[in-house]
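# Coordinate analysis (summary)
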Amino acid sequence: MDIDIGNALDAVAAPGVSREYLDRLDRRVADAHERIERGMADDEFGYAALNLPERVDTAAIRDAVAPLADSEAVLTVGIGGSALGAATLTDALDTDGEAYYLDNVDPAQVSQLLDDLDLESTALNVVSRSGTTAETLANFLVVREAYADAGVDWTERTLVTTGDSGNLRDLADEHDLPVLPVPDGVPGRFSALSTVGLAPAAILGIDIESVVTGASAERESLSGSLYETPAYAYGAITYALAARGANVNVVMPYHETLETYAEWYAQLSAESLGKDGLGQTPVRALGATDQHSQLQLYRAGPNDKLVTFVHARDGPDVAIPSAELEGLDYLEGASLGELRDAEFEATEASLADVGLPNVRIEIERVDAASVGGLLYGMEAATVLAGELYGVETFTQPAVEWGKEVARDLLRGADALDETTSLRVTRE
Ligand SMILES: O=P(O)(O)OC[C@H]1O[C@H](O)[C@H](O)[C@@H](O)[C@@H]1O
C-alpha cells in the first residue's frame, strides 16, 4: 500500500497541513508507535489485532471449513465487525461461489433471500464475537428454521465463529456445531484478518494465505516515522485534517469490488475514533459513479471534507470498441480502465484545484495480498490516529445505550420519553 498525502498539504489545500507541522507531528508518531509496539508485545486488548498476521492459523481455518468446501454459496449471519471484514474480502476478490450476508433485520429481505437460496448447497456461517447480539441470534433462529423446513440438516451445514461464552456458544455446544474461536484481544471491527473474516473467504476459495502475506508486509512497514509508514501517514493526516475542520472523510474507491471496503472502513473509523467530540464522519462513495452524484457537493459545498481515493495501479481491462461517434473521438482506441483512470486523476485534480484536501491510497491490483495489506494498513492507521486523538480506540460505549433500550422495549417497557414528536401529516 502506498499513500500520497501531497494534496493535503497547505500548499494545495485549505484546510491543509504544513510540512513543519508534519515534522512536529512525526515526533508524536514516534511516541505513538512505541505505545503501539508495547501494546502488541503485551497482547493488550485491541493492539493484539495488529499481531494477527503472525498469529492467525490459516491451516486451522482450512480444516474447519473443509466439510463445507462443496458449498455453492455461503450465507453469513453476523453484523458490524462480524460481517464487514468478510464481505470486504468476498466482494473484492474472485470467489468459487456466492457470498450472502444477513447483517440487518429486515423481514422482507430475510424472507426473499431464504426463498431464493438453495439451502442444500449453502453453508451457514454464523458469527458473533460476543455471542449475544440480538440481530444475529434472531436471524440465525429464522435461518435454521428455514433449513429445517426445507428438509436440510442445518447442523451439517453450519460453522460458528464466536467467543468462549454467550448464547451463540451455548447453541453451538447444544447442537455440537463446529466452532472457530474469535481470537482474544481482537475487537470485532479489527477482526477481518482473523477467523472472523477469513473463514467465509476460505469456504469460497479465496487464497487466505496471500491475504495474510499482504497484511504481514504492511505490519513489517510499521516504524517510528510517518514518512516511512504509509499506514501511519494516513492515520496522521486524517488526524491533522480533522483538527483543522475536515470533519468528514469521504472514502472513494475507484473499483466497484472495493465498494464494501468503504463500508468496512466506515465502521472501523466511526466506532474507534468517534469519541469525546472527536473523529471524522466517514462517507462511502464510489468512483466513477459518485462523480455523477456527489462530486458537485465535494467540490462546491462546505469545505469540511477530506476525500480519500483508493486506486489500484494495475488490473483487468476491457477495450472500448471503435464506433467513430461524433464528439466521442477521445474514446477511440481507449479502454474502460483508461477511461476510469483518467476520470480518477481528473477528479483528484479538480478537488486540488479548489483546495479540498485529498489523499491517494494506491495498491498494486485488487488481489488477495493487496487487499490484506489494505485492511491491515487501515487498522494500523486507525490505531495510530486513536493515539494522536487520545481516545479509547477499542471501545464503543455509545453503541450500547440504544441496544439496551431496544431490548427493554421488546420486553414490554413503556414508550420512551427521550424523543419528541412533531408529526406532520397530509390534510
Ligand atoms: O460480533 P458481535 O459481538 O455480534 O458484535 C457485532 C457488532 O455489534 C456491536 O453493536 C458493536 O458496536 C460492533 O463493534 C460489533 O462489531
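The structure we're discussing is the one just above.
Everything numeric here is computed off the predicted structure, so don't read it as measured data. Throughout, a residue's number is its position along its own chain's written sequence, starting from 1. Predicted model: local features are reported for residues with pLDDT of at least 70 only, side-chain atom pairs are reported and counted for 80 or more only, and whole-chain, interface and lining totals are derived from all residues. As a convention, hydrogens and water are excluded, and side-chain values are obtained from all of the structure's heavy atoms.

It is worth spelling out the sheet that holds strand β7 (residues 248–253) at this point. DSSP bridges decide pairing: two strands pair if at least two such bridges lie between them. Runs of E in the DSSP output that reach at least two residues are strands. Runs of H or I that reach at least four are helices, and both are numbered from the N terminus. Reading across from one edge, β1-β10-β9-β7-β8 is the order of the five strands in this open sheet, with mixed pairing throughout. The outermost strands of the open sheet, each flanked by one partner alone, are β1 (2–4) and β8 (281–284). Across the sheet, the mean angle from the axis of one strand to that of its neighbour is 20°, orientation sign disregarded. As defined by bridge partners, β1 adjoins strand β10 (residues 358–363) across three bridges and the pair is classed as antiparallel. Within β10, the position partnered with aspartate 2 by the bridge is glutamate 362. Geometry is summarised by axes, namely lines fitted to C-alpha atoms with helices restricted to the contacting stretch, and by angles between N-to-C directions that run from 0 to 180 degrees.

Let us look at the sheet that holds strand β5 (residues 158–162). An order of β3-β2-β4-β5-β6 is seen for the five strands of this open sheet, with the pairing classed as parallel. Across the chains shown, the open sheet's two edge strands, defined by having one partner strand only, are β3 (98–102) and β6 (179–181). Sheet twist, expressed as the mean angle between neighbouring strand axes with direction ignored, is 20°. Relative to β3, strand β2 (residues 73–77) is paired through five bridges, and the arrangement is parallel. Across the sheet, valine 77 pairs through a bridge with leucine 102, a residue of β3.

Further remarks concern the pattern of salt bridges. The rule for a salt bridge is simple: a side-chain nitrogen of Lys or Arg has to be within 4 Å of a carboxyl oxygen of Asp or Glu. What the rule picks out here adds up to 19 salt bridges. For the salt bridge of arginine 360 with glutamate 348, the shortest nitrogen-to-oxygen distance reads 2.7 Å. Here arginine 360, found in strand β10, pairs with glutamate 348, found in helix α14 (residues 336–353); they are 12 residues apart in sequence, far enough to count as distant. Glutamate 348 matches arginine 360 in its accessibility class, with the two residues each being buried. Salt bridges sharing partners connect three or more residues here, namely Asp2, Arg313, Glu348, Arg360, Glu362 and Glu364. Buried means the residue's accessible area, taken with a 1.4 Å probe over protein chains only, is under 20% of the maximum for its type, while exposed means over 50%, and partly exposed covers the values in between.

Structurally, the α-helix is built with 3.6 residues per turn, so residues lying three or four positions apart point the same way. Counting buried positions over the nine residues of helix α4 (residues 84–92) gives eight, a clear majority of the element. Taken together, the buried positions of α4 are occupied by Leu84, Gly85, Ala86, Ala87, Thr88, Leu89, Thr90 and Ala92. Each element contacted by the buried residues of α4 is listed here: β3, α9 (195–203), α10 (208–220), α12 (259–273) and α15 (368–389). The contact definition used throughout considers only heavy atoms, calling two residues in contact when any of these lie within 4.5 Å.

Our focus in this paragraph is the pairing of β8. The sheet contact formed by β7 and β8 spans four bridges and is parallel. Among the inter-strand pairings, asparagine 249 is bridged to a residue of β8, identified as proline 282. Following the chain from β7 across α12 to the adjacent parallel β8, one finds a crossover that is right-handed. Here is how to tell: hold the view so the strands point away, follow the path from the first strand over the helix to the second, and if it runs clockwise the crossover is right-handed.

With that settled, the discussion passes to the packing of aromatic side chains. In this description, an aromatic ring pair is defined by two values, namely the gap between the centres and the angle between the planes. What counts as a ring pair is set by centres within 6.5 Å for rings of Phe, Tyr and Trp (its six-membered ring), and what kind of pair is set by the plane angle: stacked under 30 degrees, edge-to-face over 60, tilted for all other angles. Overall, the coordinates contain nine aromatic pairs when judged by the stated rule. An angle of 70° between the planes, with centres 5.1 Å apart, marks the rings of tyrosine 47 and phenylalanine 394 as edge-to-face. Here the residue tyrosine 47 occupies a position in the loop between α1 (19–41) and α2 (52–55), and phenylalanine 394 occupies one in the loop between α15 and α16 (397–410), the gap between them amounting to 347 residues. No difference in accessibility class separates tyrosine 47 from phenylalanine 394, as the two residues are buried. Aromatic side chains phenylalanine 309 and phenylalanine 344 sit 5.6 Å apart centroid to centroid with 75° between the ring planes, which places their arrangement in the edge-to-face category. Taken together, the residues span a long stretch of sequence, with phenylalanine 309 in strand β9 (residues 305–312) and phenylalanine 344 in helix α14 at a distance of 35 residues. Linked through ring pairs, Tyr47, Phe190 and Phe394 together constitute an aromatic cluster. We count a charge as sitting over a ring when the NZ of a lysine or the CZ of an arginine lies within 6 Å of the ring centre and within 35 degrees of the ring normal. The aromatic ring of tyrosine 21 is capped on one face by arginine 244, whose charged end is 4.1 Å from the ring centroid.

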